[in-house]
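Inside the fold
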There are 2 protein chains.
Amino acid sequence: MTARRDAVHDALRNSEGFRSAQDVYAEMRLHGAKIGLTTVYRALQALADGGKVDVLRTDEGESVYRACATDTHHHHLVCRRCGRTVEVAGPAVERWAEAVGSEHGFTEITHTVEVFGTCSVCSAPAQTG
Amino acid sequence: MTARRDAVHDALRNSEGFRSAQDVYAEMRLHGAKIGLTTVYRALQALADGGKVDVLRTDEGESVYRACATDTHHHHLVCRRCGRTVEVAGPAVERWAEAVGSEHGFTEITHTVEVFGTCSVCSAPAQTG
DNA sequence: CGGGATTTTGACAACCATTTTCATTTTGTC
DNA sequence: GACAAAATGAAAATGGTTGTCAAAATCCCG
């Protein structure tokens, strides 16, 4: 029964940036979907395990998910205001992480890299209205 | 009354890697310190706010703290097994993050970069036991 | 199509790190 | 010493996430 899981995946695709499980759940209910919170959590986890969506933690420790365009390894540039997200590839960072790790005798190196900023729309003087 | 806060800071200095508030609390109690969990949390937050300690989130969403050697901006290479932590400076990454951000019109760019691996001690064939 | 094993679902309770509350204690100041 | 402000801590509240378990959906095989 992957119908629910697909529904969750679709809900995620309709979002611009990263959304929390609770967000996805609320939005799905708003659109009339009959689904439970537990199922949303499990679907999101399954999707994440399968590499179908990316996960990261907010500053408050909440897990947020996003259906990404590419399957390949990449990072995110996230607007801290509106949540708009740009996927960025960073070969330089990958190499840097590897170098730093092996330089200190570490193996099986992984890394987490996220860039936050204020996008051009949000940083524009929107005081006119 | 910064006595408690200093005690928390000291407790953190005695640790090799990142420790959670609960860890610090437990350790302090073991050493006979009279302090409450709430106070440990608040001290850790105050320390973090003042830039005295670094904070990051574990995969489980727990906040972990570390008294770092330098006040300047740096990142961490953490052993996922024993928690040993090496502080690393990465000018290349800083520049990369800035470049990526401005390239997409983002301003006020910040970033989180953490590198995980298995240190030489932990990756050694310790099967002899 | 029917029967039964298997998986999924979801309401609710349980978890657990963290925060809030609030009364008490401590600290700083005159 | 007196008083205002800040710190402390025990207990309760919060809130995201996970576990439980019975009901429902799905699949497999004939």
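One numbering rule holds for all chains: residues counted from 1, following each sequence as written. The order in which chains are written sets their letters, starting at A; the order in which ligands are written sets their numbers, starting at 1. Local features in this predicted model are restricted to residues of pLDDT 70 or higher, and side-chain atom pairs are both shown and tallied only at a pLDDT of 80 or more, whereas totals for entire chains, interfaces and linings draw on every residue. Water and hydrogen atoms were dropped before computing side-chain values, which therefore reflect all heavy atoms in the structure.

With that settled, consider the pattern of salt bridges. When their charged atoms lie close together, side chains carrying opposite charge are able to pair. Residues and elements named next belong to chain A. The rule for a salt bridge is simple: a side-chain nitrogen of Lys or Arg has to be within 4 Å of a carboxyl oxygen of Asp or Glu. Overall, the coordinates contain 6 salt bridges over all chains when judged by the stated rule. Taking the shortest distance from any N to any O, the salt bridge between Glu87 and Arg66 comes out at 3.0 Å. Placement of Glu87 in strand β5 (residues 85-88) and of Arg66 in strand β3 (residues 63-67) is noted, with a sequence separation of 21 residues between them. Relative accessible area decides the class of each residue, using a 1.4 Å probe on protein chains only: under 20% of the type maximum gives buried, over 50% gives exposed, and in between gives partly exposed. For Glu87, a relative accessible area of 25% puts it in the partly exposed group. A run of DSSP states H or I qualifies as a helix once it reaches four residues; a run of E qualifies as a strand once it reaches two. Both are numbered from the N-terminal end.

Residues count as neighbours in contact if any of their non-hydrogen atoms are within 4.5 Å of one another. Across the contact, 38 residues belong to chain A and 38 residues belong to chain B. Buried area: the accessible area, evaluated with a 1.4 Å probe, that two parts lose upon being put together, summed over both parts. When the two sides are added together, the surface that chain A and chain B hide from each other amounts to roughly 2800 Å², 64% of it contributed by carbon and sulfur. Contact with chain B buries surface across chain A, with Arg57, Trp96 and Phe106 of chain A losing the most and accounting together for 23% of the total. Counting across the interface, chain A meets chain B through 0 salt bridges. Between N or O atoms, a polar contact is any pair within 3.5 Å; within protein, one atom must be a potential hydrogen donor and the other a potential acceptor, and residues adjacent in sequence are included only when both atoms are from side chains. Remark: the boundary between chain A and chain B carries 16 residue pairs in polar contact (both at pLDDT 80 or more). Contributing elements (two or more residues each) for the side of chain A that touches chain B: β4 (75-79), β5, α4 (91-103), β6 (107-118) and α5 (120-123) of chain A. Broken down by element, the side of chain A that touches chain B gets its largest block of residues, 12 residues, from β6 of chain A. Looking at the side of chain A that touches chain B residue by residue, the class counts come to 17 nonpolar, 14 polar and 7 charged. Bridging between β6 of chain A and strand β6 (residues 107-118) of chain B involves 9 bridges; their strand directions are antiparallel. What sits directly across from Thr107 of chain A, in β6 of chain B, is Thr118 of chain B. In this classification, Asp, Glu, Lys and Arg are treated as charged, Ala, Val, Leu, Ile, Met, Phe, Trp, Tyr, Cys and Pro as nonpolar, and every other residue, Gly included, as polar. Strands are treated as partners if at least two bridges between them are detected by DSSP.

The subject of this paragraph is unusual backbone geometry. Outside of glycine, negative phi angles account for most residues, and trans bonds account for most peptide bonds. The phi dihedral of Glu108 of chain A falls on the positive side, at around 50 degrees, and the residue is not glycine. Among the secondary structure elements, Glu108 of chain A is positioned in strand β6.

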